[in-house]
Amino acid sequence: MSYTSYTPDYTPDYTKAVRVAMEVLEDYEISQAPIDLFKITDDLSNELRLVPYSAFMKWYGLDLGETKNLLQSDLGTTLISPPKNRRIILYNDTCPRETCRFTVAHELGHLFLEHPSFLTITKDGVEEADISKSDYDNYEKESNAFARNLLSPAPLAMAVMEKAPSGRQNSYVESAFLISHSAANVRINFVRRDLREYSKHMQLYAQS
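The text that follows walks through the structure, step by step, so that each part is easy to find. Just so it is clear, the model here is predicted, and its values are computed rather than measured. (Residues numbered from 1 in each chain as written. Predicted model: local features only at pLDDT ≥ 70, side-chain atom pairs only at ≥ 80, totals over all residues. Heavy atoms only, no water.)

**Describing the overall build of the protein chain**
Each helix and strand in the protein chain was counted, giving eleven helices and five strands. Relative to its length of 208 residues, the protein chain is compact, with a C-alpha radius of gyration of 17 Å against a globular reference of 17 Å. Based on the C-alpha atoms only, the size of the protein chain along its principal axes is roughly 55 × 30 × 30 Å. A buried classification covers 48% of the 208 residues belonging to the protein chain. As displayed, the protein chain has an accessible area near 10,500 Å², and 47% of this comes from carbon and sulfur atoms. (Helix = DSSP H or I, 4+ residues; strand = E, 2+ residues; numbered from the N terminus. Rg over C-alpha atoms; globule rule 2.2 N^0.38 Å. Buried < 20%, exposed > 50% of the residue type's maximum accessible area, 1.4 Å probe, protein only. Areas by Shrake-Rupley, 256 points an atom, 1.4 Å probe, with all protein chains shown as cover.)

Okay, here's the thing in structure tokens:
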């Protein structure tokens, strides 16, 4: 539904989450950072719509607090809209740009990792899916891992870190990938762990 932290705890599909992120970058021919998320969402326009909270609030006459409560997230979520089951990624555009980017990348993770839908629009409002807490937590962690590696591929992040002056790694990673201070900190702390999941081909693509 939405990420609760940047913590990349490991799940059974952790490796899949890291590798699918790189497959998406290659499939959509994204070859430079900061990653252009609109190139992905625009190509998926037939099955996906990207909507800021401000637009959603206007459509339904809600304030920000009501919107967060209805969508069960301060940051963002994905709704399924019948009858075509089109996905609508909503993100809180009152948040900083860097946070919005991570939110959208996280929600894309649910799509590309083929997670079940959490919320569906019905005639009576928004209906929540019956998903166990343990499964939900795993889906969230996997989408965090996906988002981190989509926005800041580990081989490229390592290259940025190696070029950064002493004490400036975090700020260099933030600016290179347009991610928040917290996300940059996690990227730095887990860059070597993520690198273990990259195939040689994936590493070469990211470095190129």
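**As for the environment of Ala33**
Within the secondary structure, Ala33 sits in the loop between helix 1 (14-27) and helix 2 (37-43). As for Ala33 and Leu178, which are separated by 145 residues in sequence, their C-alpha atoms are 8.5 Å apart. Those residues in contact with Ala33, other than ones at most four positions away along the chain, are Leu156, Ala176 and Phe177. (Contact = heavy atoms within 4.5 Å.)

**Topic: the packing of helix 7 (residues 154-163) against helix 8 (residues 169-177)**
Interhelical geometry of helix 7 versus helix 8 gives an angle of 135° and a closest axis separation of 9 Å. Of the possible angle classes, the one that applies to helix 7 and helix 8 is oblique. Here helix 7 and helix 8 pass one another in a crossing that is right-handed. Residue-level contacts link Leu156, Ala157, Val160, Met161 and Lys163 of helix 7 to Gln169, Tyr172, Val173, Ala176 and Phe177 of helix 8. Partitioning the contact of helix 7 with helix 8 into residue classes produces eight nonpolar, one polar and one charged. (Axes fitted to C-alpha atoms, helices over the stretch in contact; angles between N-to-C directions. Parallel < 35°, antiparallel > 145°, perpendicular 65-115°, else oblique. Left-handed = near helix turned anticlockwise from the far one by under 90°. Nonpolar A, V, L, I, M, F, W, Y, C, P; charged D, E, K, R; others polar.)

**Concerning the pattern of salt bridges**
With the rule as written, the count across this model stands at four salt bridges. Among the salt bridges present, the one from Lys133 reaches Asp137, with a minimum N-O distance of 2.8 Å. Of this pair, Lys133 and Asp137 both sit in helix 6 (residues 133-151), separated by four residues, roughly a single helical turn. Here Asp194 ties to Arg187 by a salt bridge, and the two come within 3.0 Å at their closest N and O atoms. (Salt bridge = Lys/Arg side-chain N within 4 Å of Asp/Glu carboxyl O.)

**Some words on unusual backbone geometry**
In this chain, Ala33 is followed by Pro34 through a cis amide linkage whose omega measures 0°. Here Pro34 is to be found in the loop between helix 1 and helix 2. Positioned with a positive phi, Glu114 is a non-glycine residue whose angle comes to about 60°. By the secondary structure assignment, Glu114 is in the loop between helix 5 (97-112) and strand 4 (119-122). The exposed category is assigned to Glu114, whose relative accessible area is 66%. A positive phi angle, near 55°, is found at Leu178, a position not held by glycine. Mapped onto the fold, Leu178 is located in the loop between helix 8 and helix 9 (181-189).

**Some thoughts on the packing of helix 5 against helix 6**
In a packed pair of helices, the relevant descriptors are the angle between the two axes and the axis-to-axis distance. Remark: helix 5 packs on helix 6, axes separated minimally by 8 Å, with the N-to-C direction vectors making an angle of 120°. The two elements helix 5 and helix 6 cross, and the hand of that crossing is right-handed. Mapping the contact onto sequence places Arg101, Phe102, Ala105, His106, Leu108, Gly109, His110 and Phe112 in helix 5 and Tyr139, Glu140, Ser143, Asn144, Phe146, Ala147, Arg148, Leu150 and Leu151 in helix 6. Across the contact of helix 5 with helix 6, the residue classes tally to nine nonpolar, five polar and three charged.

**What about helix 1?**
Helix length check: helix 1, at 14 residues, gives a terminal C-alpha distance of 20 Å against a target of 20 Å (1.5 Å per residue), a fit within 8%. Regarding helix 1, the residues found buried are Tyr14, Ala17, Val18, Val20, Ala21, Met22, Val24 and Leu25. In the stretch just after helix 1, Glu29 is the one whose phi turns positive, near 55°. (Expected span 1.5 Å × (residues − 1).)

**A look at the packing of aromatic side chains**
Taken as a whole, this structure holds three aromatic pairs when the rule is applied. When the ring of Phe56 is compared with that of Tyr60, the centres are 4.7 Å apart and the planes differ by 40°; the resulting orientation is tilted. Of this pair, Phe56 and Tyr60 both sit in helix 3 (residues 53-60), separated by four residues, roughly a single helical turn. Judged by relative accessible area, which is 49%, Tyr60 ranks as partly exposed. Both rings, one in Phe112 and one in Phe146, keep their centres 6.1 Å apart while their planes meet at 20°; by these two values the pair is stacked. In this pair, Phe112 is assigned in helix 5 and Phe146 in helix 6, connecting sequence segments 34 residues apart. Judged by its relative accessible area of 0%, Phe146 falls in the buried class. Members of the aromatic cluster, joined through ring pairs, are Tyr28, Phe112 and Phe146. (Phe/Tyr/Trp six-rings, centres within 6.5 Å; stacked < 30°, edge-to-face > 60°.)

By themselves, these are just geometric observations and shouldn't be taken as functional.
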